[in-house]
Amino acid sequence: MYNNDFKEIVFNRHSVKEFDPDVKISQEEMLQMIKEATAAPSSVNMQPWRFVVVASPEGKKKLRPLIRFNTRQNDSSAAMVLIFGDMKCYEKAEEIYSETVEKGFMPEEVKEELMGMFMPSYENALKEKMNDIVKIDSSLAAMQFMLVARTHGYETNPIGGFEEDQLAEAFDLDPERYVPVIIIAIGKAQGIPFKTTRLAPEKITVFK
Ligand SMILES: Cc1cc2nc3c(=O)[nH]c(=O)nc-3n(C[C@H](O)[C@H](O)[C@H](O)COP(=O)(O)O)c2cc1C
């Protein structure tokens, strides 16, 4: 059932805009995919990504007017996964680092050192800086989620076309704290997706 062919997963990933509307994904499997996706790295391991899985008809109805020209994906996907970045992610630092110490992966002194070093800079970071941090980190998890989805036999479409200023509130989140990063539509593909091309590496790379 699992696809572990790395090249197939990477090179046959295409943005799918229409899904089989009869396919649902269990909460258990969704959590498993989120677990696998969040093995992604993040700045000082602060893991600022937060997920809202919109799979119910009520949730989809609420999302529909907020996603502009992406209604087809909303209507047919098994779920629309909203990824937010938590601007106060540092509130979980103690929990994160304590577990690392408990598991024996980090000595207590290193934890204290890291907490003393990074916490003030995170707590006092300018809003724009924090916005960048949580968006970079959450984007890495988002990409990993799309590849993980393919290992589970699903296809995805990353969606940036949505009402950024309304998404958090619509799903009962504090808009000052949770910044929307991306929405990922997920499900089983209906039809064959378009292929796309990429610029040659020589055109986008310099060696110094
Ligand atoms: C940040 C981001 C935002 C995107 N927003 C949309 C979107 O709003 N609607 C859509 O249909 N596709 C969206 N896409 C999909 C891109 O159009 C697609 O990834 C690109 O054309 C390359 O095609 P591929 O994903 O099939 O390789 C988005 C992709 C990214 C990475």
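Keep in mind it's a predicted model, so treat the numbers as computed, not measured.

Moving on, we get to the pattern of salt bridges. Side-chain pairing between opposite charges can occur once the charged atoms of the two side chains come close. Following the criterion strictly, the structure yields 13 salt bridges and no others. Between arginine 68 and glutamate 163 there is a salt bridge, and its shortest N-O distance comes to 3.1 Å. With a gap of 95 residues between them, arginine 68 in the loop between α3 (57–63) and α4 (71–76) and glutamate 163 in the loop between β3 (155–159) and α8 (167–170) connect regions that are remote in the sequence. We note a salt bridge from glutamate 112 to lysine 111, for which the minimum N-O separation is 4.0 Å. Residues participating in the shared-partner salt-bridge network are Arg50, Asp86, Glu91 and Arg177.

Contact geometry of helix α5 (residues 93–102) with helix α6 (residues 108–123) gives a least axis separation of 9 Å together with a crossing angle of 160°. With respect to α6, the axis of α5 lies roughly antiparallel. The crossing of α5 and α6 is right-handed. Facing α5, whose interface residues are Ala93, Glu94, Tyr97, Ser98 and Val101, α6 presents Glu108, Lys111, Leu114, Met115, Phe118 and Met119. Among the residues forming the contact of α5 with α6, the class breakdown is 7 nonpolar, 1 polar and 3 charged.

A few words on the site of the ligand. Close to the ligand lie 15 residues, the nearest being Arg13, Ser15, Asn70, Gly160 and Arg198. Asparagine 157 places a polar side-chain atom, nitrogen or oxygen, 3.3 Å from a nitrogen atom of the ligand. Contacts to the ligand include proline 158, whose backbone N or O atom sits 2.9 Å from a nitrogen atom. Calculation on the ligand without its partners gives an accessible area of 620 Å², and the protein chains cover 63% of this total. With 3 residues, β3 is the single largest residue contributor to the shell around the ligand.

How each quantity is defined
Residues numbered from 1 in each chain as written. Predicted model: local features only at pLDDT ≥ 70, side-chain atom pairs only at ≥ 80, totals over all residues. Heavy atoms only, no water. Salt bridge = Lys/Arg side-chain N within 4 Å of Asp/Glu carboxyl O. Helix = DSSP H or I, 4+ residues; strand = E, 2+ residues; numbered from the N terminus. Axes fitted to C-alpha atoms, helices over the stretch in contact; angles between N-to-C directions. Parallel < 35°, antiparallel > 145°, perpendicular 65-115°, else oblique. Left-handed = near helix turned anticlockwise from the far one by under 90°. Contact = heavy atoms within 4.5 Å. Nonpolar A, V, L, I, M, F, W, Y, C, P; charged D, E, K, R; others polar. Near = heavy atom within 4 Å. Polar contact = N/O pair within 3.5 Å; in protein donor to acceptor, adjacent residues only side chain to side chain. Areas by Shrake-Rupley, 256 points an atom, 1.4 Å probe, with all protein chains shown as cover.

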